[in-house]
Each structure stands twice: as C-alpha cells, then as structure tokens.
Amino acid sequence: MNAVLQDGFGRQIDYLRMSVTDRCDFRCVYCMAKNMTFLPRQQVLTLEELQRLARLFVGLGVKKIRLTGGEPLIRPGIVGLCREIAALPGLRELVMTSNGSQLGRLAQPLVEAGVKRMNISLDSLDGERFRAITRNGNLDQVLAGIEAAKVAGFERIKLNCVVMKGRNFDEVPALVQYAIDQHIDISFIEEMPLGDVGRSRGESFCSSDEVRAEIAHHHRLLDSTENSGGPARYVRLEQHPDTRIGFISPNTHNFCASCNRVRMTVEGRLLLCLGQEDSLDLRGLLRRYPLDDQPVIQAVRQALRGKPLRHDFNPGGEVQIVRFMNMSGG
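Keep in mind that this is a model prediction, so the values were computed, not measured.

Draft legend 1. Representation of the UniProt feature "binding site: S-adenosyl-L-methionine" (unreviewed entry) in the chain. When the UniProt feature table is mapped to this numbering, "binding site: S-adenosyl-L-methionine" (unreviewed entry) covers Tyr 30, Gly 70, Ser 121 and Met 192. With respect to the element layout, Tyr 30 can be found in the loop between strand E1 (15-19) and helix H1 (47-59). Taking the relative accessible area as the measure of exposure, Tyr 30 reaches 13% and is therefore buried. Summarising the element assignment, Gly 70 is placed in the loop between strand E2 (64-68) and helix H2 (78-86).

Draft legend 2. Here's a closer look at the pattern of salt bridges. Counted according to the given criterion, the structure contains 16 salt bridges. Note that Lys 116 and Glu 155 form a salt bridge whose closest N and O atoms lie 3.7 Å from each other. Here Lys 116 is found in strand E4 (residues 115-121), whereas its partner Glu 155 is found in the loop between helix H5 (139-152) and strand E5 (156-162), with 39 residues between them in sequence. Glu 155 sits in the exposed class, given a relative accessible area of 60%. A salt bridge links Arg 244 to Asp 185; the nearest nitrogen and oxygen atoms lie 3.1 Å apart. With Arg 244 in strand E9 (residues 240-248) and Asp 185 in strand E6 (residues 185-189), the pair connects residues that are 59 residues apart, well separated along the chain.

Draft legend 3. Here's a closer look at the pairing of E5. The element E5 is extensively covered by neighbouring structure, given that 6 of its 7 residues are classed as buried. Pairing of E4 with E5 involves 5 bridges; the strand directions are parallel. Residue Ile 120 lies in a different strand from E5, and its bridge partner there is Leu 159. Between the parallel elements E5 and E6, the chain passes through helix H6 (residues 172-182) in a crossover that is right-handed.

Draft legend 4. Highlighting helix H4 (residues 127-134). Those residues of H4 lying buried are Phe 130, Ile 133 and Thr 134. What you see down the axis of H4 is that its buried residues fit within an arc of 85°, all on one side. As for H4, its buried residues are in contact with H5. Where H4 begins, the capping side chain belongs to Asp 126, and its oxygen is found 3.2 Å from the backbone nitrogen of Glu 128. Among the residues trailing H4, Arg 135 stands out with phi positive, at a value near 70°.

Draft legend 5. Broad picture of the UniProt feature "binding site: [4Fe-4S] cluster 2" (unreviewed entry) in the chain. Under the UniProt annotation, the feature "binding site: [4Fe-4S] cluster 2" (unreviewed entry) is placed at Cys 256, Cys 259 and Cys 273. Over a stretch of 18 residues, the named residues converge on one spot in the fold, their C-alpha atoms separated by at most 9.2 Å. Of note, Cys 256 is situated in the loop between E9 and strand E10 (261-264). Mapping Cys 259 onto the fold places it in the loop between E9 and E10.

Draft legend 6. Structural context of unusual backbone geometry. Following Gly 69, the chain continues into Gly 70 via a peptide bond in cis, with omega recorded as 20°. Even without a glycine there, the phi angle at Arg 135 is positive, about 70°. Along the polypeptide, Arg 135 turns up in the loop between H4 and H5. The class of Arg 135 is partly exposed, set by a relative accessible area of 26%. At His 183, a residue that is not glycine, the phi angle is positive and equals roughly 60°. Its place among the elements puts His 183 in the loop between H6 and E6.

Definitions and cut-offs
- For every chain, the first residue of its written sequence is number 1, and the numbers climb from 1 along that sequence.
- Local features are withheld for residues below a pLDDT of 70 in this predicted model, meaning they are given only at 70 or higher, and side-chain atom pairs are given and counted only at 80 or more; totals for whole chains, interfaces and linings count all residues.
- Side-chain figures throughout are based on the complete set of non-hydrogen atoms in the structure, without hydrogens or water.
- UniProt positions are given in the numbering used here, feature names are shortened, and annotations may be inferred rather than shown by experiment.
- A helix here means a DSSP run of H or I that spans at least four residues, while a strand means a run of E at least two residues long, and both kinds are numbered starting from the N terminus.
- Three labels apply to residues, based on accessible area from a 1.4 Å probe with only protein chains included: buried if under 20% of the type maximum, exposed if over 50%, partly exposed otherwise in between.
- Salt bridges are counted wherever a side-chain nitrogen of Lys or Arg sits within 4 Å of a carboxyl oxygen of Asp or Glu.
- By definition, two strands form a pair when at least two bridges between them are found by DSSP.
- Call a crossover right-handed when, viewed with both strands pointing away from you, the route from the first strand across the helix to the second goes clockwise.
- It is the directions from the helix axis to the C-beta atoms whose arc is reported.
- Two residues qualify as a contact provided that any one of their heavy atoms is within 4.5 Å of a heavy atom in the partner residue.
- Polar contact criterion, stated in full: a pair of N or O atoms within 3.5 Å, where within protein one must be able to donate a hydrogen and the other to accept it, and residues adjacent in sequence count only if both atoms are side-chain atoms.

Rendered as structure tokens:
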C-alpha cells in the first residue's frame, strides 16, 4: 500500500481528527444548542469500526490521530480504543481533546494506553462565568482534571480557550498567567460559525490579532516557527520560555494552504474541510464491505482528490455551516 495520502492540490494528508461521540456532559455556548438531539446508537460507529478506520488511515500514511467529540471521555470503552489505536505500526502519536471533566479518573489510564498529548478546554477561571459558558460545567472539577493530567505525565498538555467579547476576553491575561504557573501551553481560538447556537456570533467575535495585542500589553512575545502538526501559530514568552501561546485563526488568518488534516464524525462522515459540506459516507462503506478494505481505501483516495482548496469563514456572525461543532468533531 502506498503510504502517502494527497489531495488534488498536492497537500499531504497525515492528520486525522476522529470523533468518538457527539455527546458531551457540557453544553458550551459556542459548540451546541442548549437542547441538543443526539444521534441514535445505530448511527454511531462502533468501537470496532473506529478501530478499523484508524488502522486504514494509518496504512494510508496518517501519522497523527486526535480523538475528539463531543467529549471523548464519556464514550464507554475509550481507554481500550486508545490502547488499540496507539499500538498501530506507523502511527507517530495519538492525542486527544477533552473538556477535562473526566480526567481526574482517566488521565493515568490514558497515558498508560499510549495517549501522548492532551488538549483541555478552559474558557474561564471564574466559576460562575465558566458555568455560564459551558451551561453546566464545574470549574473545580476541570482544574482538578488538569492537575491529574500533569501528574499522569502526558508528554505535553495544552489549554484551549475560545475567546468571546462580553464573555471572557477580559480574562486573557489571567488565563495566560494560569498557563505560566502550571508550566503548560495555551491556545486562543477564534469562534467558528458552525451551527445555530441561539445567538449572533458577530457581536462577540474576537480576532487572534486582538488577543495577541492584549497579551503583548503584559509580556514580550517572541515569534516561533514551532509546529505541533495542527493549525496553531505559536509565540514564546521571553520571560517564561516553558509556555507556548498558540493562536488558531480560522476566520482572520486561515491555514488552508498548509492543511494536512481531515475530520471524521462519529457517524462516519469523512469531512474533507471543516468549513465546507463535502464529505464521504465511510459508515456505509464499512458496513457494505465488512471484510474487504479495498473499496474503502479507494473511496478515501478518490474523495481526497476533491478536498476543497479553502474554507470561507468570516466573522460576520451568521451561521455558515448548519452542523454543530460537536457533530464535526471538536
């Protein structure tokens, strides 16, 4: 098997973001509506199907897999799935994005299963504000999860913060200081126009340039060429070299030219671009060909030739993609 997967523009695809559930114990205001309808069980990929797809993509040249959700740690059997995927020959690293709520009990088993790095969402350090953003999250539980992740020994831990004016922009300096104190990284993310979350995003949109300028009031920033294999652009803090600050800017500084990734939803749709609706029904192929991988492999190669050149996000506030973030693989 030729272990190089390319799209029609010659970009090499070596990173798969794989959703293991659309469900979550939070209801973050930028991710989903307050009252969500989740997929019935029969529409969700089984653990065996997730494992099979991971094996096929690694065989096609994928070097990095990120498990996402919803919240991946509420999926029954997640530690065993991580163990099976991490052991795939040719995979450089298995990483995960979590809201942190379950890390108190699962951080150590995940490290032992082979998860190398952990991204943890943290949008506020104020308990009441955190609950308002997540709709039902417990800040103390998440902070305890971050501490458990540090103790467990992941190779790297990074915080993810979606910045919104009127909600948490004023906390950017405090969140940076928290990352410094914890000796971990933090990335600030522009909100993406995915799904009707019941409010206009335009009024709260905050650009990465605005966030960077706010941080620069407090720290001397040094541009970095470091690359974690994803879309973040990094800077270092001159006085705190252990902490990297990342900026993920899908609206204002899109990273499409260097895109190396595809996403797979938990119902088995291979999303060729987060900001477009182009997709391939992998679930249907898996169930039609349970013992034959070649039709699945051929379909993936063919679909990748049609991967769009770029997305068309803008910060205007209108919904540009109907599916919610939790359905896209966070």
